[in-house]
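Structural characterization, general
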Amino acid sequence: MAIKNFKRLVNSNTDDVATLALIQHYGGKTRLLDVTNSLFVALYFAFEEYDINKKSKAIWCFNKRVLLKNFYSRIFYNDIEDDNGDYIDEKINDLIVSNEECISKANEIISNYDNLEKEQQLGIIPLLLPSGNERINSQNAAFLFPCNIHRSFLENFYHSQYSEGEKPREIKIKNIMKLKDDSNLFDDVPLVKIIIPTKLRGLVENILVHANITPFSIYPD
C-alpha cells in the first residue's frame, strides 16, 4: 500500500532529487536532510515529542548563504572570485533566487552514483525544490544534500563548513531577545544551535496555534 501511495506522487517528469524529497517526506530513508524555511514549523517539530526528563529543546539554524558560498567555491568553481568577492556574491544571489544549478548538480551526482569515487569532494548542497506536493509546501520544506554519498552527512557538512576543531555556535533563546537588530550572530557561520527550555512548551504551543501551525496544517494530506 505504501508503494502504491508513493507511486501516485511521482511521474515521468519527476527528477531524481524531487523523488528523493518525496521519499524523505513520506517516511522513507534517504541521504537528504529535510529542513524548513519556517521558524514556526521548526518550533513545531522541536516540541512535537515531549520528554519530561529533557530540560531543553533545540532548533538548528543552517545559514543558506554560507552554505551556498562554500558549496559554490568548493564544488563548482574551486575558489574563483575577484579581489572584492563581488563575483561570488552575485553568483550566490542567483543561486538563492533560482536554485536551478544546485538541483542540477545534485541530480548529476545521483545519476553518476555507480561511477563516484569514495574520495569524491565532500560538501553539502542546499536545495529548495519547486513542488506541487501539499505536504512539502505546507512545511515550507528545503533539503540538504551530501555530495559524497560514501560518507556520512556529518562528515560532508563539517569538512566543507568548519576548520578542524571548530564547533557550531550555541545561544540560549533568552539571549537572542537581548540582541540588537544589527547583530551579526547568523551572518558568518553555517550553523547556529538555539536552545529553548522545555518549560516554555505551553507558550510555544500557544504561539503555534495562533500561527495556524497544527498537525492538520503540517500534514494536510
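Look up: the structure comes first, before these words.
Predicted, not measured: the structure shown is a model, and the values here were computed from it.

Here we look at the layout of surface pockets
The volume enclosed by the largest pocket comes to roughly 990 Å³. As for the largest pocket, its lining consists of 31 residues, of which Asp34, Val35, Thr36, Ala42 and Trp60 are closest to the centre. Partitioned by chemical class, the residues of the lining of the largest pocket number 21 nonpolar, seven polar and three charged. Computed from the structure, the second largest pocket encloses a volume of approximately 400 Å³. As for the second largest pocket, its lining consists of 19 residues, and the residues nearest its centre are Leu39, Ile59, Ile173, Ile176 and Ile194. Secondary structure elements with two or more residues in the lining of the second largest pocket: α3 (39-46), β2 (56-62), α9 (173-176), β6 (191-197) and α10 (201-210). Tallied by class, the residues present in the lining of the second largest pocket amount to 18 nonpolar, one polar and no charged.

Some points on the packing of helix α2 (residues 16-25) against helix α6 (residues 100-111)
In contact at an axis separation of 8 Å, α2 and α6 are set at 85° when each is read in the N-to-C sense. The orientation of α2 with respect to α6, classified from their angle, is roughly perpendicular. Contact residues: α2 offers Asp16, Val17 and Leu20, while α6 offers Ile103, Ala106, Asn107, Ile110 and Ser111. Split by residue class, the contact of α2 with α6 holds five nonpolar, two polar and one charged.

Quick notes on the pattern of salt bridges
Considering all chains together, one arrives at three salt bridges under this definition. Between Glu155 and Arg151 there is a salt bridge, with its nearest N and O atoms 3.2 Å apart. Arg201 is paired through a salt bridge with Glu205; the nearest N and O atoms lie 3.1 Å apart. A residue pair is termed a helical-turn pair when its members lie 3 or 4 positions apart in one helix, as Arg201 and Glu205 do in helix α10 at four residues. Note on Arg201: relative accessible area 19%, which makes it buried.

Points about the packing of aromatic side chains
All told, the structure shown has five aromatic pairs when counted by the stated rule. Both rings, one in Phe153 and one in Phe157, keep their centres 6.3 Å apart while their planes meet at 10°; by these two values the pair is stacked. You can see Phe153 and its partner Phe157 sitting in helix α8 (residues 153-161), four residues apart, about one turn around the helix. By relative accessible area, Phe153 is classed as buried at 19%. The buried category is assigned to Phe157, whose relative accessible area is 1%. Taking 5.5 Å as the distance between ring centres and 90° as the angle between the ring planes, the aromatic pair formed by Phe157 and Tyr158 counts as edge-to-face. Three or more aromatic residues joined by ring pairs form one cluster here, namely Phe62, Phe153, Phe157 and Tyr158.

Definitions and limits used
- Residues numbered from 1 in each chain as written.
- Predicted model: local features only at pLDDT ≥ 70, side-chain atom pairs only at ≥ 80, totals over all residues.
- Heavy atoms only, no water.
- 1 Å grid on protein atoms, 1.4 Å probe; cavity = no way out; pocket = protein on both sides within 12 Å on 5 of 7 lines; lining within 4 Å.
- Points joined across faces, edges and corners; volume = space filled by probe spheres on them.
- Nonpolar A, V, L, I, M, F, W, Y, C, P; charged D, E, K, R; others polar.
- Helix = DSSP H or I, 4+ residues; strand = E, 2+ residues; numbered from the N terminus.
- Axes fitted to C-alpha atoms, helices over the stretch in contact; angles between N-to-C directions.
- Parallel < 35°, antiparallel > 145°, perpendicular 65-115°, else oblique.
- Contact = heavy atoms within 4.5 Å.
- Salt bridge = Lys/Arg side-chain N within 4 Å of Asp/Glu carboxyl O.
- Buried < 20%, exposed > 50% of the residue type's maximum accessible area, 1.4 Å probe, protein only.
- Phe/Tyr/Trp six-rings, centres within 6.5 Å; stacked < 30°, edge-to-face > 60°.

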